[in-house]
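Report on the structure
Here's the letter readout for the chains.
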Amino acid sequence: MKEFMFLLWGGYPDPSLSPEQMQRHMQKWTAWVEQLTESGRLRSGLPLERAGKLVSGPNKLVTDGPFPEAKEVVGGYFIISAHDINEAVEISKGCPIFADGGAVEVRPVMEMSM
Amino acid sequence: MRDERPDVHSIADHLFRRESGKMVSALTRVFGTHNLVLAEDVVQEALVQALRQWPFAGIPRNPAGWLYQVAKNKAIDIVRREQTLSRLAADPSDVAALSRTAEPLIHELFLGEEIKDDTLRMMFTCCHPALPLESQIALTLKILGGFSSAEIARALLTQEAAIQKRLYRAKQRIREERLEFEVPSGAELSSRLQAVLSVLYLMFNEGYSASFAEHPIRRDVCLEAMRLCKLLTEHPAGSYPSVYALMALMCFHAARFDARLDDSGHLLMLKSQDRSRWDRNLISEGFRYLERSASGGEIDEIHLEAGIAAVHCIAESYEKTDWTGIVHLYDLLLTIKPSPVVALNRAIALAEGQGPTAALAALQHIPDRDVLETYPFYPATLGELHLRVGNLDDAARHLERAIALASSPAEKHFLQQKLNVCRDRRAGRPLEHPTA
């Protein structure tokens, strides 16, 4: 089994959702993550705050990040295990983010040899 | 995150919606009614935070408690920031007091009994006579019920934009009038309580009056009205006979929820309902409340409507209903609330107990019956009664009028079937038993 990172792009919940809609939304996510946990695929995952800093260039310029031009922001990540990238992609399709216009970037974690 | 499989906790249905009402109420006590919108924002942010974190951390063991803590922390942040403090205060002299009192108040927010008190305070605020009645209903549904404008619009069969405008104006009014966040007492309580009961009654009727198959949200509105009324009954301010009577009425109607729809989702008349599907527990609860409402010397229209509903609920079948008892209750109701619609309902009951001829005679004697000309049930009833008596021409005429006035396809279908029976009989054709 190999490891893959899911970078969760965009797909912010509409802040004007009713409490009922928010609960249903939340339950879709928790259900998917529980599924990943129960199948033993989930290694880790954390949400990220939307705002942060960007430090760039040889002068280490600090600006408010993420990139102001970027419409989308990475809101969190998961690390899952799968046999290969195709399986990882199939697993990612269960994520509720797509209904909200978001995307999942699937990246293999480099296997490091001793 | 998690290395081993954690306990998976679940969350009750509608928890976010229920808790949001409680939280907004409690926060309004600290921030004041002029900061109602701020209280709503804090609660919304707490829900969003849950939405963002729970998928990663799992649903907490005590989801409501988690939400309360987050809301408290946000509220504390707000009062600690000096700029916001001066904006929060109703006037400049409040600022010093607010900075002293707010934080300790916030720490004690959301404690069991206090939440109930705060919810009640909010009920009286939303149902304040300074606000238009329709706004009171919308506001109660929004703030206490946790429904969104879109959900309220669907429930009340109106446009979302109209609801938003109503809510905006109502909140503005609350700010401008500096409405107090209190449960009224003394002489004021009785009239203010009546206002709350009217709103709950109307809310329940809105939810009850249409097919749930199309609008499941409407059942939720009924249940919300019942939840709020129940809260009232559990509080000293609400231990009045009329509160128990309304609770009884709602229990009796709600007991029939599951039997009211046929397989195609159409409303079934009382006559055709499968009574085994009536909720016996709710009916018993209704009777308990009805008993409690029978104290004090006064009877009002809610008592009588509850009484009528009670008589239906204990009847084994439509045919075995105590129609005489029901007519008697309608007689009493007419002395308090003389209305053509009530008189019409009385005539329908009279037809069942004493036959169509007596009912037709009663209908002739309704004062102001021209008001009923555009009320579909009036020609429908006339048509039905004439059909039973055998006046086929009159029956057909009234049924045609009823069909023209009918507001839903289900009603039209039902009336058309009756009209067909009528025409078949006139033509001397063997008649098919009407299905409803």
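The structure under discussion appears in the preceding block.
These lines cover the structure that appears in this document, whether it is placed above or below. (Residues numbered from 1 in each chain as written. Chains lettered and ligands numbered in written order. Predicted model: local features only at pLDDT ≥ 70, side-chain atom pairs only at ≥ 80, totals over all residues. Heavy atoms only, no water.)

**Focus on unusual backbone geometry**
All names here are of chain B. Heads up, the rule is: Helix numbering and strand numbering both begin at the N terminus, where a helix is a DSSP run of H or I of at least 4 residues and a strand a DSSP run of E of at least 2. Exposure categories follow from relative accessible area, calculated using a 1.4 Å probe and restricted to protein chains: below 20% of the type maximum is buried, above 50% is exposed, and the middle band is partly exposed.
For histidine 14, which is not glycine, the phi torsion reads 60° and is therefore positive. With respect to the helices, strands and loops of the structure, histidine 14 is situated in the segment before helix 1 (15–31). Here histidine 14 falls in the partly exposed class, since its relative accessible area comes to 27%.

**A few points about the sheet that holds strand 1 (residues 2–9) of chain A**
All names here are of chain A. Rules: Two strands are counted as paired when DSSP detects at least two bridges linking them. Interaxial angles span 0 to 180 degrees and are taken between N-to-C directions of axes, which are lines fitted to C-alpha atoms, for helices over the stretch in contact.
Spatially, four strands are ordered 2-5-1-6 in an open sheet, and the strand pairing comes out antiparallel. Across the chains shown, the open sheet's two edge strands, defined by having one partner strand only, are strand 2 (42–47) and strand 6 (103–108). The average undirected angle you get between the axes of adjacent strands in this sheet is 15°. In this structure, strand 1 lies alongside strand 5 (residues 74–82), joined through eight bridges in antiparallel fashion. Paired with leucine 8 across the two strands is glycine 76, which belongs to strand 5.

**Focus: the pattern of salt bridges**
All names here are of chain B. For the record, the criterion: A carboxyl oxygen of Asp or Glu within 4 Å of a side-chain nitrogen of Lys or Arg is what we treat as a salt bridge.
Taken as a whole, this structure holds 32 salt bridges over all chains when the rule is applied. Across the pair arginine 121 and glutamate 114 runs a salt bridge whose closest N-O atoms are separated by 3.5 Å. For glutamate 114, a relative accessible area of 27% translates into the label partly exposed. Linking aspartate 331 and arginine 346 is a salt bridge whose minimum nitrogen-to-oxygen distance equals 2.5 Å. Linking aspartate 331 in helix 15 (residues 323–336) with arginine 346 in helix 16 (residues 340–354), this pair joins segments that are 15 residues apart in sequence. Three or more residues joined by partner-sharing salt bridges are found here, namely Arg29, Glu114, Asp118, Arg121 and Glu182.

Interpretation in functional terms is not warranted from these geometric data alone.
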